[in-house]
Protein chains: 2
Amino acid sequence: MPSLEFEPPKYARVVLELRRRIEEGQYPPGSMLPSESQLVREFAVGRTTVVRALQMLQQEGWIVREHGRGSFVKGRPASEREVTRPGLAVLDQPEARDGVSLVQVGTVPAPSPVAAVLGLAEGASLVMRRWVSTRDGIPSELVTCWFPPELAYGTDLGSDSPLPVGVRAHLRSVRQLRIDHIAERLTARLPDADEPTLLQVGSSDPLLSILATAHDATDAALFAVEIVMPGTLHELEDVYSVPD
Amino acid sequence: MPSLEFEPPKYARVVLELRRRIEEGQYPPGSMLPSESQLVREFAVGRTTVVRALQMLQQEGWIVREHGRGSFVKGRPASEREVTRPGLAVLDQPEARDGVSLVQVGTVPAPSPVAAVLGLAEGASLVMRRWVSTRDGIPSELVTCWFPPELAYGTDLGSDSPLPVGVRAHLRSVRQLRIDHIAERLTARLPDADEPTLLQVGSSDPLLSILATAHDATDAALFAVEIVMPGTLHELEDVYSVPD
DNA sequence: CCCATCCACTCGTCCGATCAAGTGGACTGC
DNA sequence: GCAGTCCACTTGATCGGACGAGTGGATGGG
C-alpha cells in the first residue's frame, strides 16, 4: 500500500537534517560541516542536490560557504528570531475575541497624515474602523483603520459588528485582495482628543504611534492603519543582520 | 590583449539583464517573463543557468515562478526600498565630521536597562561615549554607547578625541571584531536629566528611544547603544513583505 | 629559515539529460 | 452544455560530468 503522505524533495531533507544537527549542537557555531563529497556519500544523493541544500542554508544564514575551505556553521540566523510586525499583527487580529472592543465605525474626513500616506486630498471621505485592545484589563493598543470607500464597498468593514477574522483575511476572502507589503512609520507623540480616555493614559504621557500603509504588489497603497500605544508599556523589537 | 576586468558569471548576467528590463518597464508588474527555454535560446546558456537566475530573482522578490504556468513579474521588491536602520547608521557615523559633537566620555556605572540587555549586574563599570548629532543647527540625535571595559581596552573608545571613522569600522580594524546582527528596542518616553539641554527640547516633549545591542555571530552581546530623538522631528520607517 | 612548487582537497560554474508534476486550451463524446 | 481526455507547454527535481578557482599543508631547493 503506497503511502499518500507528502514526501519532501531530497534537497529539503538534507536541509532539515543539517539544520537539526546545528540546532542540537552537533555542529556548533564556528565548526566546519562535512564536505560536499562527504555529504553526497552520507545522504546518497547527487552533488547538485547537496550544493542546493547548502546554498539554501547559506541563504538563510545558518552557514557560510568559503571557496576552497569548506562550509562553516554560523548558528541560528538573526532573522529567525522573534520580531514584532505591529501593522501585520493588528490586521490579522480578529475583532470578535476577548480583549478587543470596537469603539467607532463610520465615514470620516481623512486626517492630514493619513491623506498624505494614501495620496489623497486632505478631508477626503474614508471609512474608519477603530478598536481598542486590552491586556490584563489594561488598554494596550488603539487601532484605527482608514479604507477608501470603493475598497470598503461590499465588505463588512463599514459595519459595526465585530469581524470574526482579521481585516487581512476578510479582504482576501471578500475581495480577493492580497497585501504584498506593509510600510510602517514610527514616531513618538502626545495623546490627542479622545486617546487619553480610550487608552486610560494622562494627556501628557508619551505615546508610540505607528502609521502603516498596506500595499499591493504594484506598490499602490490600499489603506492605512494607525496603532497607538502607551510608550511606557511597550517596546517594539527589531533584529537585523549587518552586512560586511 | 586579454581583458583583466572582472567578468560576472553567466547566471549573474542573466539576473542583471532581466532585472534591468523589469526596472525599465519592458516587463511590467503582472506580466509574464519569457519561458525558460526561450531564455536559454536568447542568452545562449544552459537551462540550469537560466533556472538559477530565475530562482535568484524569485528569492529577491522581483518575480514569482508558478509551476506549469510561467514566471511572473512582481516589480521592485519591498526590501529594496529605503529602510532606516538607526542602530547601524550611528555605528557607521564618523565622529570627526560636521554636525557631530562628542559631549562625554568616561567610565560609568551601567544604568539598569543597559545592564539588563548586556546581561550585566546593575552598576557594573562600562566605558561610555556620548555624542550629539545636529541637522540644520538643530540637535537631532543623542547617541550613547556603553562598552564593556575589556572590549574598549586597547581602542580609542575611551579617549575624548573624535573618531575619524565610525565605531563599527574602528572595532573592526583595531580588534578584528565583526558585528553580525543588531537588536533594537524602540519605545517612547519623556526626557531624563540632561536630555532637554542636549537635545534642546522641553522636559515634557515625547522622545523616541532606541536601545540597541550589537551581537557577534554566536549571539553574544558585545556592547549597547542608545539613540534618543525628539518624537516630533523623527519618523522611523520600516517596510516588510507579507507572507501568504 | 624562507620561498616556490606541488598536490589533495575544497567550493564555484556550467552543461546536458531525464523524469515528474502542473497548467490551460482544444477536442470529443454523451 | 458539460465532463473527460489529450496534448503542448510550463516549471520542479535530480543526476553525472567536466572544468575552473581557491586553500592550506607538505616538500624540496637555495
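Computed from a prediction, not measured in an experiment: that's the story for all the values here.

**A look at the overall build of chain A**
Phase 1: On a plain count of helices and strands, chain A comes out with eight helices and nine strands.
Phase 2: For 244 residues, the compact-globule estimate of 2.2 N^0.38 gives 18 Å, and chain A exceeds it by more than 25% at 24 Å.
Phase 3: Taking all 244 residues of chain A together, 46% fall into the buried category.
Phase 4: Nonlocal contacts in chain A, meaning residues at least 24 apart in sequence, comprise 57% of its contacts between residues at least 6 apart.
Phase 5: On chain A, roughly 12,300 Å² of surface is accessible, and the fraction owed to carbon and sulfur atoms is 51%.
Phase 6: Here chain A contributes 24 positively and 33 negatively charged side chains, and the mean placements of these two sets differ by 10 Å.

**Focus on the relation of the copies chain A and chain B**
Phase 1: Of the two same-sequence chains, chain A is brought onto chain B (RMSD 0.1 Å, axial shift 0.0 Å) by a rotation of 180°. Look at the turn and shift together and you get a two-fold axis relating the two.
Phase 2: Interface residue correspondence from chain A to chain B reaches 100%, placing this contact among same-surface, isologous pairings.

**Describing the protein's contact with DNA strand D**
Phase 1: In the vicinity of DNA strand D, 22 residues are found, and the nearest of them are Lys10(A), Gly46(A), Thr49(A), Arg65(B) and His67(B).
Phase 2: The sugar-phosphate portion of DNA strand D accounts for 70% of its atoms within 4 Å of the protein, the bases making up the rest.
Phase 3: Between DNA strand D and the protein, one listed contact pairs a phosphate oxygen with a side-chain N or O atom of Arg52(A) at 3.2 Å.
Phase 4: Of all elements in the fold, only α1 (10–23) and α3 (47–60) of chain A together with α2 (36–43), β1 (63–66) and β2 (70–73) of chain B reach the threshold of two or more residues within the surface near DNA strand D.
Phase 5: In terms of residue count, the dominant contributor to the surface near DNA strand D is α3(A) (four residues).
Phase 6: By residue class, the composition of the surface near DNA strand D is three nonpolar, 11 polar and eight charged.

**A short note on the domain arrangement of chain A**
Phase 1: Domains assigned within chain A are domain 1 (10–77) and domain 2 (86–230).
Phase 2: A C-alpha centroid distance of 43 Å is found between domain 1 of chain A and domain 2 of chain A.

**Observations concerning the packing of helix α1 (residues 10–23) of chain B against α2(B)**
Residue and element names in this part refer to chain B.
Phase 1: One can describe the packing of α1 onto α2 by two numbers: an axis separation of 12 Å at closest approach and a directional angle of 110°. Here α1 is positioned roughly perpendicular relative to α2, judged by the angle of their axes. Contacts from Val14, Glu17, Leu18 and Arg21 in α1 reach Leu39, Glu42 and Phe43 in α2.
Phase 2: For the contact of α1 with α2, the class distribution of residues is four nonpolar, no polar and three charged.

**Topic: the pairing of strand β6 (residues 181–189) of chain A**
Phase 1: With respect to burial, β6(A) is a largely interior element, nine of its nine residues being buried.
Phase 2: Looking at chain direction, β6(A) and strand β7 (residues 207–215) of chain A are connected through nine bridges and run antiparallel. Across the sheet, Arg189(A) pairs through a bridge with Leu207(A), a residue of β7(A).
Phase 3: Here β6(A) runs beside strand β9 (residues 236–241) of chain B; their pairing, made up of six bridges, is antiparallel.

**Here's the deal with the packing of aromatic side chains**
All names here are of chain A.
Phase 1: Under the definition given, this model contains two aromatic pairs over all chains.
Phase 2: Considering the side-chain rings of phenylalanine 147 and phenylalanine 223, the 5.0 Å spacing of their centres and the 45° angle between planes classify their relative orientation as tilted. Residue phenylalanine 147 is located in strand β5 (residues 138–147), and its partner phenylalanine 223 is located in strand β8 (residues 221–230); the two are separated by 76 residues in the primary sequence. Just as phenylalanine 147 is buried, phenylalanine 223 falls in that class too.

**Description of the protein's contact with DNA strand C**
Phase 1: Close to DNA strand C lie 23 residues; Arg65(A), His67(A), Lys10(B), Gly46(B) and Thr49(B) are nearest.
Phase 2: Within 4 Å of the protein, the contacting atoms of DNA strand C are drawn from sugar and phosphate to the extent of 75%.
Phase 3: Within the side chain of Arg47(A), one N or O atom sits 2.8 Å away from a base nitrogen of DNA strand C.
Phase 4: Contact distances for DNA strand C include 2.9 Å between a phosphate oxygen and a side-chain N or O atom of Tyr11(B).
Phase 5: At the level of elements, α2 (36–43), β1 (63–66) and β2 (70–73) of chain A together with α1 and α3 (47–60) of chain B are the ones that each hand at least two residues to the surface near DNA strand C.
Phase 6: Among the elements that take part in the surface near DNA strand C, α3(B) stands out by supplying four residues, more than any other.
Phase 7: A per-class count over the surface near DNA strand C returns three nonpolar, 11 polar and nine charged.

**Observations concerning the interface of chain A and chain B**
Phase 1: At the junction of the two partners, chain A supplies 44 residues and chain B supplies 44 residues.
Phase 2: Between chain A and chain B the total buried area reaches about 3,800 Å² when both faces are included, carbon and sulfur atoms providing 51% of it.
Phase 3: It is Leu186(A), Tyr240(A) and Val242(A) that lose the most area in chain A upon contact with chain B, and together they represent 19% of the buried surface on that side.
Phase 4: Run the count over chain A and chain B and you get four salt bridges.
Phase 5: Ionic pairing is found between Arg85(A) and Asp238(B), a salt bridge with its closest N-O pair at 3.0 Å.
Phase 6: Here chain A is connected to chain B by 14 residue pairs in polar contact (both at pLDDT 80 or more).
Phase 7: Of all the elements in the fold, those that place two or more residues in the side of chain A that touches chain B are α3, α4 (86–91), α7 (167–175), β6, β7 and β9 (236–241) of chain A.

What counts and what doesn't
Residues numbered from 1 in each chain as written. Chains lettered and ligands numbered in written order. Predicted model: local features only at pLDDT ≥ 70, side-chain atom pairs only at ≥ 80, totals over all residues. Heavy atoms only, no water. Helix = DSSP H or I, 4+ residues; strand = E, 2+ residues; numbered from the N terminus. Rg over C-alpha atoms; globule rule 2.2 N^0.38 Å. Buried < 20%, exposed > 50% of the residue type's maximum accessible area, 1.4 Å probe, protein only. Contact = heavy atoms within 4.5 Å. Areas by Shrake-Rupley, 256 points an atom, 1.4 Å probe, with all protein chains shown as cover. Lys, Arg positive; Asp, Glu negative; His and termini not counted. Charge placed at Lys NZ, Arg CZ, Asp CG, Glu CD. Least-squares fit on C-alpha atoms with pLDDT ≥ 70 in both. Near = heavy atom within 4 Å. Polar contact = N/O pair within 3.5 Å; in protein donor to acceptor, adjacent residues only side chain to side chain. Nonpolar A, V, L, I, M, F, W, Y, C, P; charged D, E, K, R; others polar. Domains from an automatic or database assignment. Axes fitted to C-alpha atoms, helices over the stretch in contact; angles between N-to-C directions. Parallel < 35°, antiparallel > 145°, perpendicular 65-115°, else oblique. Pairing = 2+ DSSP bridges. Phe/Tyr/Trp six-rings, centres within 6.5 Å; stacked < 30°, edge-to-face > 60°. Buried area = accessible area lost by both parts, 1.4 Å probe. Salt bridge = Lys/Arg side-chain N within 4 Å of Asp/Glu carboxyl O.

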